[in-house]
Amino acid sequence: MPSRSMEELASLCKRRGFIFQSNDIYGGIKGLYDYGPMGVELKNNLKMAWWKSMIYERDDIEGIDSNILTGPDVLKYSGHVDTFTDPLVDCRSCKSRWKSDQLENKSCPNCKSKDLTEERPFNLMFKTPIGPVDDGSSYAYLRPETAQQIFTNFKNVLDSTNRTIPFGVAQIGKAFRNEITPRNFIFRVREFEQMELEFFVKPGSDEKWHKYWINERYNWWVNQGINKKNIHLHSVKKDELSHYSKSTVDILYDFPHGKEELEGIANRSDFDLGSHTKNQKDFNISTKVMENQKSTTKLGVQELESKSWFIPFVIEPSAGLDRGVLAVLNDAYKEEKIDNNNSRIVLALKPHLSPIKAAVIPLKRNNDQLVERAKSIKKILQQIGVGRIILENTGNIGKNYRRHDEIGTPLCITVDFETLESNSVTIRDRDSMQQKRLSTEELKEYFKNYFD
Ligand code: ATP
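Note that the structure is predicted; figures quoted are calculated from it, not measured.

Rules of the game
Residues numbered from 1 in each chain as written. Predicted model: local features only at pLDDT ≥ 70, side-chain atom pairs only at ≥ 80, totals over all residues. Heavy atoms only, no water. Helix = DSSP H or I, 4+ residues; strand = E, 2+ residues; numbered from the N terminus. Expected span 1.5 Å × (residues − 1). Buried < 20%, exposed > 50% of the residue type's maximum accessible area, 1.4 Å probe, protein only. Core = buried A, V, L, I, M, F, W, Y, C linked by side-chain atoms within 4.5 Å. Domains from an automatic or database assignment. Contact = heavy atoms within 4.5 Å. Axes fitted to C-alpha atoms, helices over the stretch in contact; angles between N-to-C directions. Parallel < 35°, antiparallel > 145°, perpendicular 65-115°, else oblique. Nonpolar A, V, L, I, M, F, W, Y, C, P; charged D, E, K, R; others polar. Buried area = accessible area lost by both parts, 1.4 Å probe. Salt bridge = Lys/Arg side-chain N within 4 Å of Asp/Glu carboxyl O. Polar contact = N/O pair within 3.5 Å; in protein donor to acceptor, adjacent residues only side chain to side chain.

Some points on helix 2 (residues 37–56)
1) Next: Here helix 2 is 20 residues long and its end C-alpha atoms lie 27 Å apart, about the 28 Å a rise of 1.5 Å per residue gives.
2) Next: Among all positions in helix 2, only Met-38, Gly-39, Leu-42, Lys-43, Asn-45, Leu-46, Ala-49, Trp-50, Ser-53, Met-54 and Ile-55 are buried.

So this is what it looks like as structure tokens:
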């Protein structure tokens, strides 16, 4: 069973060092969260799983890491300056502000008043001056999506790697949106990370590739431990599509607060490269693009046989990393009865996502011989290179098991007095709670195979 409520999950996250309210000691800022010692490991592991599946395990995708600060031209020609807005409504009674689709029966969700302003567009981008003079003449935006710098670097990547269509460019990084009402823990925040792929294809093959990526991305989430019954594919209605999209399928997840978007997979057509390219008139662009006389670079490619030029279509799987962390945590969360008197909370995370891969626990605290042996076992496991291993020198085995169940550590290894005599340890499995004794040689093999 996933967690029963967002509060239950948020409480575990705080107690065990996954996620904290940002600026907490000064009262916190809405829509901003910090990742703690366990959270950063989980988040990095999820990122790495994505990067591996996109870059290392394929032969048709390159990675980049571009700037967060983005010049106004990029976001003007992408359409964001004009259209990246949410409909904002003010309540004249209690002065609260709402996105109009959050209103219930056209009344204020806070005070129920119907005395509301007309809705008006509110741009979600954060703007900041560049340089020492803040006179409005030189500014940038904090990017609202990582995608745009992939488009502006399209030619750089193409030329420096000798790629041909179809191929993709992937990026993981921060994005910022000044959400009107951030809510639901890390689900809707103002600073978050995205894992985005822009996959460039020949016009005409876009629908085939769109289907392909929907399938790939669905399976990837299942491989991260998400139960199939908790994720759903949803075709976005034509009148709800973003300004760039020919069609979009969202992957929805049953979050504790409801079924909502985890990832969007959009067919962005030739809108983006078409809007950013030089010499737009030279191309047969299929969509209504932003008229552009400023770009210095042609973003088309040449057909090998006919030698004619075309603007590639783009298929974009865009996943939210923070929403991914939330989904993975929620799906892994279990409260189990151990016996008539005891229960436990366990995070049944897939081992590759667990923040700590193993805890090595000397049976007695501060016993030099046991601690030294535990350190050397930790070192052996560390060298296998699967992630973080920790030594727990607190002496309370039961408490350690409980803590490691709650943070999802798959293996706990106890070093006891028999270890000193026979060079063997007990290893406890998080999910079955079964323990068995292994020699340190066997432990090494077991450990390697476990994370293979
Ligand atoms: P929503 O409709 O929920 O606001 P969106 O359709 O605007 O999302 P996209 O622009 O498609 O989102 O962004 C791609 C992904 O980035 C989303 O699927 C989501 O996982 C993530 N994302 C977008 N906005 C936020 C946010 N405010 N907080 C956390 N993640 C976000």
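Here we look at the nonpolar core
1) Next: Counting residues in hydrophobic clusters, the biggest one holds 61 residues, and the most contacted among them are Phe-18, Ile-19, Trp-213, Trp-221 and Leu-329.
2) Next: Lining this core are residues from two domains, each supplying at least three of them: domain 1 (6–72 + 147–329) and domain 2 (356–450).
3) Next: Setting aside chain neighbours within four positions, we find Ile-19 in contact with Cys-13, Lys-14, Tyr-33, Asp-34, Tyr-35, Gly-36, Phe-185, Ile-186, Val-325 and Leu-329.

A few points about the packing of helix 2 against helix 9 (residues 321–332)
1) Next: Where helix 2 meets helix 9, the closest approach of the two axes is 10 Å, and the angle between their N-to-C directions is 110°. Taken together, helix 2 and helix 9 sit at an angle that is classed as roughly perpendicular. The residues of helix 9 that touch helix 2, namely those facing Leu-42, Lys-43, Leu-46 and Lys-47, are Leu-321, Asp-322, Gly-324, Val-325, Val-328 and Leu-329.
2) Next: Residue composition of the contact of helix 2 with helix 9, grouped by class: six nonpolar, one polar and three charged.

Here's the deal with the domain arrangement of the protein chain
1) Next: Here the protein chain is described as being made up of domain 1 (6–72 + 147–329) and domain 2 (356–450).
2) Next: When the buried surface of domain 1 facing domain 2 is broken down by residue, Arg-16, Met-38 and Glu-41 rank first, second and third, together holding 67% of it.
3) Next: Across the domain 1-domain 2 interface, the total number found is two salt bridges.
4) Next: For Glu-406, the salt bridge identified is with Arg-16, shortest N-O distance 2.9 Å.
5) Next: Connecting domain 1 to domain 2 are two residue pairs in polar contact (both at pLDDT 80 or more).
6) Next: Elements supplying a minimum of two residues to the side of domain 1 that touches domain 2: helix 1 (6–15) and helix 2.
7) Next: Class assignment of the residues belonging to the side of domain 1 that touches domain 2 gives a composition of three nonpolar, one polar and three charged.

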